[in-house]
Amino acid sequence: MILALLGAHLAAAVVAPSLMRALGGRAFAVLALVPAASAAWLATQAGGRGAAHEESVAWVRDLGLSLTFRLDTLSIVLAFVVTVVGALILLYCSRYVDLGSTGGSPGLLGGALVGFAGAMLGLVTTDDLLALYVFWEITTVLSYLLVGYLTTSAASTRAARQALVVTAGGGLAMLVGVVILGETAGTYRISELVADPVTSTGPLVAWGVGLLLLGAVTKSALVPFHFWLPGAMAAPTPVSAYLHAAAMVKAGVYLVARFASGYADLTVWQVMVLGLGAGTMLLGGIRATRQLDLKLLLAYGTVSQLGMLVLLLGYGTEGAALAGLTLLLAHALFKSALFLTVGAIDHATGTRDIRHLRGVGRRAPWLMVAGTLAAASMAGLPVLLGFVGKEAALTALLTPAAGWASLQGAAALSFVLGSVLTMAYSLRFVWGAFTDGARPPAGGPVSVAPRAHVWHAPGAVLVGVPLALAVAGLVLGPASVRLERGLEGYSATVQQMSAPGPEVHLGLWHGVNAPLLVSVAVWALGGLWFWVQARRPAEVPIPLSPVDAARAYHGLMRGLDRLALETTGFLQRGSLPVLLGTIFTVLVLLPGTQLLLGQNRWPRVDGLRLADSAAQVAVAALVVASAVLAARARRRLRAAFLVAVTGYGTAILFLLHGAPDLALTQILVETVSLVVLVLVLRRLSGRFPDDPSALTRRLRALLGVAVGVVVGATTLVVSASRVHPPAAADLAERSVDYGAGRNIVNVILVDVRAWDTMGELSVVLACATGVASLVFLREEAMDRVRAGLRTARGDRAGMRAGTSETTGAILPSRRITGILALDPERRSVILEVVTRLVFHTILLWSVYLLLSGHNQPGGGFAAGIVAGLALCLRYLGGRGYELRAALPVMPAVLLGSGLFIAAGSAVIPMLFGSPALRTWDAYLTIPLVGEVHLVTSLLFDIGVYLVVIGLMLDVLRSLGSGIDAQIARERESAPAEAEVGP
Amino acid sequence: MSDGYAWMVPLLVLLPLIGAGLTLAAAGRTAVQRVVSVTALSGMTVLAGVLLWASDTQGPQVMFVGGWAANEGIVLVVDRLAALMVIVSTVVTLAVLAYSIGQGASGFDEESDGHSPLPVFHPTLLVLAAGVTTTFISGDLFHLYVGFEMLLAASFVLLTLGGTAERVRAGTTYVLVSLLSSIIFLAAIGLTYGATGTINLALLSERLGEIAPGTAALLQLMLLVAFAVKAAVFPMSGWLPDSYPTAPAPVTAVFAGLLTKVGVYAMIRTQTLLFPGSPFSDLLLVAALLTMVVGILGAIAQDDIKRMLSFTLVSHIGFLLFGIALGSTHGLAAAIFYVVHHITVQTTLFLVLGLVERVGGSTDSTRLGDLARISPLVGVLFFIPAMNMAGIPPFSGFLGKVGLVQAGVAEGSWLALLLVAGSVLTSLLTLYAVAKVWGRAFWSENARGITGQGPVRGGHHEALGLGVLAPTVALVAVGLTLTVVAGPLFDITTRSAVDLVLREPYLDAVLGVRAEAGP
Amino acid sequence: MSVNLTLTLVASVLVGTGAYLFLSRSLVRALMGFLLMGNGVNLLFIIGSGPAGSPPIVGAGDGGPMADPVPQALVLTAIVITLAMTAFVLALAHRGWQVGRDDLVADDTESARIHARAEADDLGSEPGAREQAEEIAAETERSERGHHGRRDDAATDEEGGTA
């Protein structure tokens with residue numbers, strides 16, 4: 001049932017904005033129905049004496065988080081307060097909030113308030129500690145939205161953020177406490193945690209309870225975290241009335257009350273609860289008596305009252321618990337009434353400063369009645385519920401078990417002092433709000449009176465709601481005897497302290513006894529304090545102590561911002577060499593220390609062999625020399641050629657090691673990358689532009705050497721610790737009978753690990769499209785290329801037609817005229833002639849490589865690159881025209897269809913139910929050719945062939961003729977400029 | 001080990017690859033491209049869903065490609081972890097695709113004078129999806145490298161789309177850092193083959209146990225360095241905030257969602273399968289703590305919201321590393337849950353930032369103001385995932401964090417408790433950073449005075465088309481469903497963590513079957 | 001398994017010089033470094049594949065033990081991937097040159113700006129701690145009637161009020 005109620009609140013919150021647009025102000029009243037309904041249902045539960053209502057829905061079983069709810073006295077009282085006050089405040093809002101205001105959105109206000117009521121209802125009724133935390137943080141976020149309601153003011157958003165950071169910070173500390181308690185106790189059910197408290201000796205439990213209390217302390221604004229509450233007064237008054245008087249701040253008090261019956265005897269508990277509670281009560285009280293703004297007076301009053309409530313409910317004896325619960329109820333009633341009264345006053349007069357309030361009492365007598373009644377209950381004057389609670393508290397506290405010198409004694413003393421202060425600021429409130437007593441300081445700078453306010457009387461609702469709350473405090477006073485039976489259910493469970501406290505009963509008259517005399521003294525002293533203060537002219541209160549918690553918080557936040565700025569500025573320089581240098585350093589440090597410190601198996605002397613052959617040593621020397629020279633080279637082309645030498649050297653090393661396929665591919669790849677390198681280098685400056693300082697060069701050299709040494713040493717250690725034979729040892733005969741091919745490497749590429757090759761094809765495809773996208777950049781550039789291809793295809797057709805229709809003369813094919821157009825000194829006739837001779841034979845050889853690859857060195861890759869190099873020859877001969885004539889096809893089509901064939905050939909075997917890329921072979925006898933051994937993996941190889949040619953074509957078209965076109969365009973646009981570049 | 005559903009495994013990669021081939025061939029016609037990509041990705045999502053159910057009920061689904069046995073050919077393994085990662089990443093990629101289709105071609109290039117860059121977005125996105133899926137389902141170390149290269153190549157192209165000066169500079173940084181991490185990974189594979197004679201993960205986990213522990217530690221360290229660069233773990237996380245924010249909104253969204261998580265997945269797989277009970281958990285814990293704290297401090301120092309989110313992305317990788325480093329079943333389960341949450345929420349936030357850029361004209365929080373009033377929908381769409389990321393209950397970010405804190409407290413060592421404190425502090429600072437951005441951009445903290453009308457700076461305000469709003473709202477809804485289905489989802493991640501720590505289910509599934517008989 | 005010292009030396013020199021070049025600011029020079037390191041790492045595979053042997057082609061070998069074909073296939077795939085990456089990086093270098101007239105990799109502007117701000121200790125536009133505290137205090141004392149309290153001056157007092 002409770003879950004249903006929570007759902008209703010959620011639904012109301014979600015629908016609130018649209019409701020607001022539809023019904024205007026009255027929407028608040030409609031929203032008020034939801035908490036009112038919950039209050040009604042709670043009333044039915046409170047009456048029943050049967051077993052406590054319990055319900056549970058599993059949410060995340062592995063975390064121990066389930067939405068379980070259990071109603072007992074404490075939760076019913078709190079839930080009742082939360083829902084009733086919530087409903088009344090929503091009603092109050094309907095007349096208070098100005099819908100046309102541009103500051104905040106009323107829909108958000110209504111929705112957040114209803115959501116808040118739901119979250120609080122969940123918080124006080126749940127029996128799962130983690131679920132309690134969930135509701136706890138939801139209230140924090142909603143209070144952030146509510147306090148920052150006036151979005152146009154920077155200060156209110158900053159106040160909202162201050163409240164959010166403090167309460168969420170405390171909440172997160174509490175989360176750790178919750179998890180510690182939950183993990184050590186093995187359960188997150190609050191009833192079980194409280195019934196048999198975790199008593200393991202370790203410090204962990206003390207830490208757990210301490211962190212739990214830290215959450216309560218920040219939420220209930222105890223010292224030193226009290227400053228966010230007055231700051232949160234930037235929120236609209238009804239929000240302050242609800243959040244900061246009746247609901248949110250009570251969550252911390254509820255937590256203390258809930259865990260008091262289990263952990264009140266822990267020293268960390270006594271110190272935090274009694275110490276902070278007493279301190280807050282005093283500090284809040286003193287501050288309240290010196291405020292000029294009514295709302296701030298009430299805010300500091302609330303801080304003080306919360307200290308008192310935490311002190312009482314955490315005291316640990318049954319009597320104190322009963323008194324605490326009564327005062328909690330009283331506080332909810334009178335404090336929300338006072339806040340709403342202040343709201344009405346602000347609405348009526350346009351100010352809350354006591355120096356400018358004139359004749360409010362005369363003009364709104366009922367408002368004065370409500371305000372005075374509530375203030376009287378706050379001060380604990382007779383007949384009101386506040387008095388009953390205070391009397392019970394005094395009886396419970398005045399006989400501290402361990403005498404006056406103990407913590408309890410100090411707490412009792414500060415309770416009395418606090419009550420005096422409460423009396424003082426209650427009188428100040430009534431005097432400031434309703435009488436004309438408070439004069440601006442004579443002679444001093446007259447604080448500029450705000451523009452003469454048009455008085456318009458607060459409506460019936462603006463007066464009626466606070467009046468109802470105040471009267472409730474009056475009615476419950478005499479009825480407190482019956483109230484005691486209701487509250488006993490909870491206070492009976494609190495018998496933590498070794499010596500049970502004095503017998504405490506509610507009621508208006510207990511005869512003339514010590515508490516009554518103390519009360520009279522409190523009233524007298526309070527009146528004296530007020531009288532002394534009222535005489536002094538009211539000027540802006542100078543802060544008591546230099547350390548002001550609010551400024552400390554903002555100092556901390558600026559410190560945090562500075563720390564963030566410094567660390568990020570230092571670590572995140574954004575320079576690439578630093579990034580790469582860090583990676584290399586980590587690469588050197590981690591394996592390096594493992595090599596030095598860890599016990600590794602270094603190769604024994606007999607496990608080392610100098611070289612496999614003399615040729616290997618010679619080639620190795622060549623490669624090493626050219627690598628070092630390449631590192632020192634300053635000119636681009638020199639570096640490029642030296643790197644190419646190391647490439648070819650490696651190819652020879654592969655060959656010597658017995659890897660012909662690998663060597664062939666390495667040589668072809670090295671040639672292609674050289675060609676592509678030169679195509680790009682022709683645009684760049686001759687020398688490398690970066691000339692790092694000597695120190696950086698030395699540092700980089702050191703890092704390079706270190707990386708080399710670590711990799712070398714790791715190789716030695718790794719090879720020495722090899723104990724297993726190669727996993728695919730029997731691949732030789734498997735590749736012949738299952739893979740149907742004798743060249744094992746090619747069988748691996750197109751059959752055994754064909755899945756790798758397919759992935760690699762998509763890498764090639766992506767890079768090729770990347771090259772095209774980086775060179776052509778725009779769509780229309782690509783359109784020009786397509787147009788060029790269409791004319792090329794047209795030429796090819798035209799050439800076959802031979803004669804033009806009109807003149808009948810043999811048309812010189814556009815391809816030749818194209819070449820003629822090239823300016824003479826760029827052309828080398830020998831290259832063109834040789835290309836024309838050799839081009840087709842190279843293509844034939846590449847097709848041979850493709851087909852024979854399965855049994856001899858060759859295969860898709862090598863064949864594709866060979867065909868690519870042939871295209872490259874054609875390009876070098878006749879620039880773009882030749883290239884288009886040679887292969888008038890868009891590279892994307894080649895790439896796309898190649899990958900499609902390769903991936904398609906993987907799917908076909910699956911259609912027959914066998915695993916992907918399964919290959920079959922067959923022996924065909926073609927009449928002319930004779931017996932041919934066809935293997936289905938050839939289809940895959942053709943896919944590879946097409947993709948590699950696509951890459952080559954794309955590279956040549958983009959980096960080759962694409963850049964030519966750009967050079968030509970630049971030359972046209974700046975002909976006068978001298979001939980630039982090679 | 002039934003291979004009833006094993007045939008679906010290779011389709012997870014084949015669908016996007018065939019799609020990429022088709023969309024590239026159909027370069028001119030964008031309508032065809034869109035249909036092909038959407039069908040490919042939706043097909044992948046359905047397959048991944050079925051495989052998740054199959055792997056959860058019948059154990060890992062294994063496909064021996066080409067019929068070759070585990071010690072020869074490539075094995076594709078889909079266990080709960082892999083299936084979970086594939087389904088989340090495909091859903092996220094689908095949302096990004098829908099967003100980019102809704103955004104129209106002009107969205108890719110602010111400065112472009114109406115001309116869209118080359119129609120390479122669809123094929124490249126499909127290759128990216130194929131690469132990411134390959135890494136998740138690969139049962140072979142070298143094939144994992146090929147998967148990395150696939151998604152890297154695609155991400156290079158997507159990052160430098162349009163070739164503007166800023167993208168080229170950021171692209172260069174990203175390209176070189178990624179190339180370096182790939183080279184280190186390749187070297188590690190070469191050395192692993194040198195040490196054990198195989199690169200199949202299942203065989204490796206057996207053989208690495210039998211060689212000298214010092215050598216296994218060396219290989220583990222090199223692999224960790226390579227994956228740490230890709231997962232942006234401190235101190236190698238500087239590259240991410242410099243390169244991600246410059247790309248167009250959908251591209252940054254898919255990067256933020258997937259790329260770093262591939263590195264994290266590789267760490268989970270190698271740490272649990274190849275190096276159980278590794279001596280480096282303390283080192284990883286320290287790295288996790290530093291990644292969290294330094295990352296979030298970076299986020300606080302930023303003004304631009306995209307960079308702030310990139311830093312929080314780096315910082316929350318620390319949470320994942322924390323779960324992995326603990327190595328306990330509960331820690332791993334929480335980490336896997338947090339990965340699923342992190343992919344969804346980060347992509348959502350970056351998509352929403354695309355909306356903010358269209359409405360507010362910029363993502364620089366000092367120049368924006370009052371967005372919540374201009375467009376309340378964008379406000380809500382930002383607030384929910386932002387709070388989710390900051391770990392505010394009841395969202396999935398909170399649930400993952402609670403799991404990690406519980407695992408840390410259960411571990412009990414002072415370092416683990418230090419990590420617990422670090423993670424709690426980080427989520428508080430994340431909340432602070434988000435609140436700062438929310439105050440400036442969505443409320444009007446930038447407005448000095450309490451003027452009635454908060455000034456709205458920033459350039460033009462494009463109306464938000466449905467094509468752009470629908471995928472973002474859908475992704476936020478997915479984020480919320482993660483919260484609702486958190487119970488069963490956490491069960492799956494716990495069962496997955498148990499199997500990972502146990503290793504037997506994986507090894508039996510892969511090595512149980514000897515080589516298939518001749519053709 | 002015995003390890004071939006020459007190849008190890010060559011591999012480590014290649015990786016070392018590659019690392020040195022990789023750190024340079026010029027993109028093309030870094031690419032050279034990438035190519036050198038790539039060659040070096042490919043050699044690692046060959047060292048890992050054991051001693052030299054006859055080419056892994058069934059029937060064609062000179063009878064001696066065949067070299068391990070698997071790492072050769074892996075290296076072949078790696079080489080082609082390196083080719084594709086080189087082409088892309090070169091296109092990127094060209095585009096970089098086209099845009100910036102040199103292929104030096106500039107620092108990230110935003111990070112550099114924050115680095116400069118850190119040097120100058122300027123915390124941006126946030127007001128000092130004291131002003132923030134006072135601003136909030138002032139805010140709490142401001143009357144709400146002007147902003148979201150109901151402002152029905154003009155409207156007659158329809159509630160009639162009980163004044």
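The structure we're discussing is the one just above.
Criteria and cut-off values
- Residues numbered from 1 in each chain as written.
- Chains lettered and ligands numbered in written order.
- Predicted model: local features only at pLDDT ≥ 70, side-chain atom pairs only at ≥ 80, totals over all residues.
- Heavy atoms only, no water.
- Axes fitted to C-alpha atoms, helices over the stretch in contact; angles between N-to-C directions.
- Helix = DSSP H or I, 4+ residues; strand = E, 2+ residues; numbered from the N terminus.
- Parallel < 35°, antiparallel > 145°, perpendicular 65-115°, else oblique.
- Contact = heavy atoms within 4.5 Å.
- Nonpolar A, V, L, I, M, F, W, Y, C, P; charged D, E, K, R; others polar.
- Expected span 1.5 Å × (residues − 1).
- Buried < 20%, exposed > 50% of the residue type's maximum accessible area, 1.4 Å probe, protein only.
- Polar contact = N/O pair within 3.5 Å; in protein donor to acceptor, adjacent residues only side chain to side chain.
- Buried area = accessible area lost by both parts, 1.4 Å probe.
- Salt bridge = Lys/Arg side-chain N within 4 Å of Asp/Glu carboxyl O.
- Left-handed = near helix turned anticlockwise from the far one by under 90°.
- Phe/Tyr/Trp six-rings, centres within 6.5 Å; stacked < 30°, edge-to-face > 60°.
- Lys NZ or Arg CZ within 6 Å of the ring centre and 35° of its normal.

Peer 1: If you had to explain the packing of helix α12 (residues 305-326) of chain B against helix α13 (residues 329-360) of chain B to someone new, which residues and values would you point to?
Peer 2: Residues and elements named next belong to chain B. Two elements in contact, α12 and α13, have axes whose closest approach is 9 Å; the angle formed by their N-to-C orientations is 175 degrees. Classified by the angle their axes make, α12 and α13 are roughly antiparallel. Here I305, K306, L309, S310, T312, L313, H316, I317, F319, L320, G323 and I324 of α12 lie close against α13, whose contacting residues are G331, L332, A335, Y338, V339, H342, Q346, L349, F350, L353 and E357. Looking at the contact of α12 with α13, its residues break down into 14 nonpolar, 7 polar and 2 charged.

Peer 1: Go over helix α1 (residues 5-22) of chain C, please, and point to the residues and values.
Peer 2: Along an α-helix, residues three or four positions apart point the same way, because every turn accommodates 3.6 residues. All names here are of chain C. Counted at 1.5 Å a residue, the expected span for α1 with its 18 residues is 26 Å, and the 25 Å between its end C-alpha atoms agrees. Within α1, 15 of the 18 residues are buried, which leaves the element mostly enclosed by the surrounding structure. The N-cap residue of α1 is N4: its side-chain oxygen and the backbone nitrogen of T6 are 3.0 Å apart.

Peer 1: Which residues make up the interface of chain C and chain A, and what values do they have?
Peer 2: Note on interface size: it is often stated as the accessible area lost on association of the parts. Contact residues are listed per partner, giving 116 residues for chain C and 153 residues for chain A. When the two sides are added together, the surface that chain C and chain A hide from each other amounts to roughly 12,100 Å², 69% of it contributed by carbon and sulfur. The tally of links between chain C and chain A comes to 0 salt bridges. At the boundary of chain C and chain A, one finds 15 residue pairs in polar contact (both at pLDDT 80 or more).

Peer 1: Go over unusual backbone geometry, please, and point to the residues and values.
Peer 2: All names here are of chain B. Following F234, the chain continues into P235 via a peptide bond in cis, with omega recorded as 0 degrees. Within the secondary structure, P235 is located in the loop between α8 (213-230) and α9 (239-243). Even without a glycine there, the phi angle at R503 is positive, about 65 degrees. Among the secondary structure elements, R503 is positioned in the loop between α19 (486-502) and α20 (504-511).

Peer 1: Give me the lowdown on the interface of chain B and chain C, citing residues and values where you can.
Peer 2: Between chain B and chain C, the contact holds 35 residues from the first and 40 residues from the second. Contact between chain B and chain C buries roughly 3,300 Å² in total, counting both sides, with carbon and sulfur atoms accounting for 73%. A per-residue breakdown of the area chain B buries against chain C is headed by R169(B), I183(B) and Y193(B), which together make up 18% of the total. Across the chain B-chain C interface, the total number found is 2 salt bridges. Residue R113(C) is joined to D303(B) by a salt bridge in which the shortest nitrogen-to-oxygen separation is 3.5 Å. Those elements that place two or more of their residues in the side of chain B that touches chain C are α5 (141-159) and α6 (165-196) of chain B. If one sorts the elements of the side of chain B that touches chain C by residue count, α6(B) sits on top with 17 residues. In terms of residue class, the side of chain B that touches chain C is built from 20 nonpolar, 7 polar and 8 charged.

Peer 1: Could you give an account of the packing of α6(B) against α8(B), with specific residues and numbers?
Peer 2: Residue and element names in this part refer to chain B. Between α6 and α8, the least distance of the axes is 9 Å, while the angle of their chain directions is 160 degrees. Taken together, the axes of α6 and α8 lie roughly antiparallel to each other. By crossing handedness, the relation of α6 to α8 is classed as left-handed. Here V177, S178, S181, I184, F185, A187, A188, L191, T192 and A195 of α6 lie close against α8, whose contacting residues are T215, L219, M222, L223, V225, A226, F227, V229 and K230. For the contact of α6 with α8, a count of residues per class yields 14 nonpolar, 4 polar and 1 charged.

Peer 1: Now, about the packing of aromatic side chains: what can you tell me, with residues and values included?
Peer 2: Summed over the entire model, instances satisfying the criterion amount to 32 aromatic pairs over all chains. With a centroid separation of 5.7 Å and 85 degrees between ring planes, the pair formed by Y5(B) and W53(B) is classed as edge-to-face. A residue pair is termed long-range when its members are at least 10 positions apart, and Y5(B) in the segment before α1 (8-25) and W53(B) in helix α2 (residues 30-58) qualify at 48 residues. Ring pairs connect the aromatic residues Y144(A), F382(B), F383(B), W438(B), F442(B) and W443(B), which therefore count as one cluster. A cation over a ring is seen here: R874(A) above F839(A), with NZ or CZ 4.7 Å from the ring centre.

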